[in-house]
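What follows is each chain in one-letter form.
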Amino acid sequence: MSGHHRTIAVAVSLTLAGAGLGLAQPLVAKRAVDGAPGSTGVWLLLGVLVLLFLAEAVVNACGRYLLERMGERVVLGLRRTMVDRLLRLRVGVYDDHRVGDLVSRVTTDTTLVRDVMSQGVVDLLTGALTAVGALALMLWLDPVLVLLVALTVAVAAAVVATLLRGIRAASENAQSAVGALAADLERALGAIRLVRANRAEQREAQRVGTQVDAACAAGVRTAKLASVMAPAVELAVQGSFLLVFVIGGMRVAGHASSPGDLVAFLLYASYLVVPLSSMFQAVGLLQKGMGSLQRIEEIRALPVEQDVPRAAVHPVAAGSALEFCDVHFGYSERPVLRGVSFTVAPRSTVALVGRSGAGKSTVFALAARFYEPARGAVLLGGQPAGARSLDDWRSRIALVDQNVHVMHGTLWENLTYAAPDADPAEVERVVELANLGEVVRRLPDGLHSCAGERGGALSAGERQRVAIARALLARPSLLLLDEPTSHLDPLNEALQAEVVANVAAECAVLMIAHRLSTVRHADEIVVLDDGQVVAAGDHDGLLETCPLYRRLAVPGTATGRPPGKLGELRL
Ligand SMILES: Nc1ncnc2c1ncn2[C@@H]1O[C@H](COP(=O)(O)OP(=O)(O)OP(=O)(O)O)[C@@H](O)[C@H]1O
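Residues numbered from 1 in each chain as written. Predicted model: local features only at pLDDT ≥ 70, side-chain atom pairs only at ≥ 80, totals over all residues.

Draft legend 1. Region of the structure containing the environment of glutamine 532. By the element assignment, glutamine 532 lies in strand β10 (residues 532-537). You can call glutamine 532 partly exposed: it has 16 C-beta atoms within 10 Å. Taking the C-alpha atoms as reference points, glutamine 532 and arginine 338, 194 residues apart in sequence, are found 5.5 Å from one another. Residues contacting glutamine 532, with those up to four places away along its chain left out, are Arg338, Gly339 and Val340. (Helix = DSSP H or I, 4+ residues; strand = E, 2+ residues; numbered from the N terminus. Buried ≥ 20, exposed ≤ 12 C-beta atoms within 10 Å, placed from the backbone. Contact = placed C-beta atoms within 7 Å.)

This is the structure in structure tokens:
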């Protein structure tokens, strides 16, 4: 809200002025009613009444516009900070949250907050000001009648207050259900081929449908409570009018007050109707908004990556490209890495091999500083994590993992993702290095062809090579490369080996290797088992000394299973 003080001050002044102009009207009407019929004075008073009426409309419109604009701007700020935050959360946080639900907090929850700001707050403010003014003047005109009106309004307020709690809870449920709906739909659409291939459309539709039902049930509950609220307010209003007519009429007949007084009082009472009912509605909306605000607050409470800008450090040449020193790490209580140590020398290629679940991808995640080790240290260019900002750290590494990420957009956009200002000649160079030249020439618009949603317009092998080209364009000092386990025919495998050799000439490479052809070219092979480095060396040496490596390199030797594809490292 800070930064909006001036707007609020102007808008409140305008609203006050509008309320004043409105409240003056019954007083003028009272004088016109009590004045001599047909006299010039009465015509003058009627003219003033019209002017007051017009001025009130203009001033109120301006005040409302200012407040609604402010509401939009508050939500704009909220959305911006939320998006910024969602993109900077600690990587571990994404493991515990569903993307669709996080998205719905930025979209639907903020929309509700906008409604609260632009309608609720405006109605509450204008309503309260008008109601207080009208009540004060009614009190001045006839305190006895006000007491009667106040009594009926108090009964209505008590009913409304009890309903509001229920409305808030129901609205919170509705928003959570919408969040879960978005998450489930995202899950199904994100894996639509899996859904189709397994004929799971019906099951997924049912799953999403459960959330749709929950949202509907919560909405109906809100409607039920809100619908009781409206008649309660109406009853109070009609009751007040009835009382004012009957008692006020009797008092005029008994000459306790003038007909003009009764007209003015009735006008004020009618002025009370709209603000009071809109105030009750606004409080209901506010309660709904509270549920959404809470969901928004939850995002603001999630931990983000803290990046501390640090002074430039001395160049990479000084130390190893990457070093793991006795690193311990676990995602939860269970340890995944247990004292891992190894070094990747500058411009060397180190292959990481091990059984599935040994912790290879976890080594990558720690090297990219997605997680921090529980014990031990990871050094980049001889510098520990504490000495480099995250930004600096990640600018020196590139990651190509199994879930090759190609985003919706053109090939060019995908390639230059890490280096948006890359020189076209440089892009051409990495395209050739990654053996993508043929692919680009085949596409209708070359580099400016669309890669499709999640890169669907490219083959898996092509996506992998796009990722490698992108990594090279960023000119990292270390490339973390998770070699594809499948989708390579012998010809492509040779291409892949050539690409890796090309990459190795440019920077240090730590690769999760699955093929004999690639490990043979590595300067060093590190064998990981159950979160520990069990051996390190070259291929021939490890075949001699490390039984696990032998089993990995020559499938079937110790498992009694028939050998798989020759040279396939995976068990
Ligand atoms: N985000 C996560 N949250 C919790 N546990 C995880 C997470 N990621 C991995 N693990 C667990 O950590 C262990 C090591 O996983 P990791 O992915 O590092 O193995 P890997 O050697 O790369 O396996 P693969 O070759 O099959 O990819 C596994 O037991 C896995 O279940």
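Draft legend 2. Inspection of the site of the ligand at higher detail. As a matter of local geometry, the ligand sits amid Asp95, Tyr331, Val336, Gly354, Ser356, Gly357, Ala358, Gly359, Lys360, Ser361 and Thr362. Here the element with the most residues in the shell around the ligand is helix α9 (residues 360-367); it accounts for three residues. Residue composition of the shell around the ligand, by class: three nonpolar, six polar and two charged. (Near = placed C-beta within 6 Å. Nonpolar A, V, L, I, M, F, W, Y, C, P; charged D, E, K, R; others polar.)

Draft legend 3. Up close: the confidence of the model for the chain. Predicted confidence across the chain gives a mean pLDDT of 82, with 91% of residues reaching 70 or more. Here residues 558-571 scores under 50 on pLDDT; set against residues more than four positions off or in separate chains, the count is 30 contacts. As a predicted assembly, this complex carries a pTM of 0.73 together with an ipTM value of 0.96. (pLDDT = per-residue confidence, 0-100.)

Draft legend 4. Seen up close, the sheet that holds strand β1 (residues 322-329). The sheet built from four strands is open, its strands ordered β2-β1-β4-β5 with antiparallel pairing. The open sheet has two edge strands with one neighbour each: β2 (337-344) and β5 (383-384). Note: β1 against strand β4 (residues 375-380), five bridges, orientation antiparallel. By the bridge assignment for β4, phenylalanine 324 is matched with valine 378. (Pairing = 2+ DSSP bridges.)

Draft legend 5. How the structure looks around the pairing of β1. Direction of pairing for β1 relative to β2: antiparallel, over a ladder of six bridges. For valine 327, the partnering residue across the bridge sits in β2 and is valine 340.

Draft legend 6. Spatial organisation of the pairing of β10. Bridge analysis of strand β9 (residues 524-529) against β10 gives five bridges, and the strand direction is antiparallel. Counted as the bridge partner of leucine 528 is valine 533 from β10.

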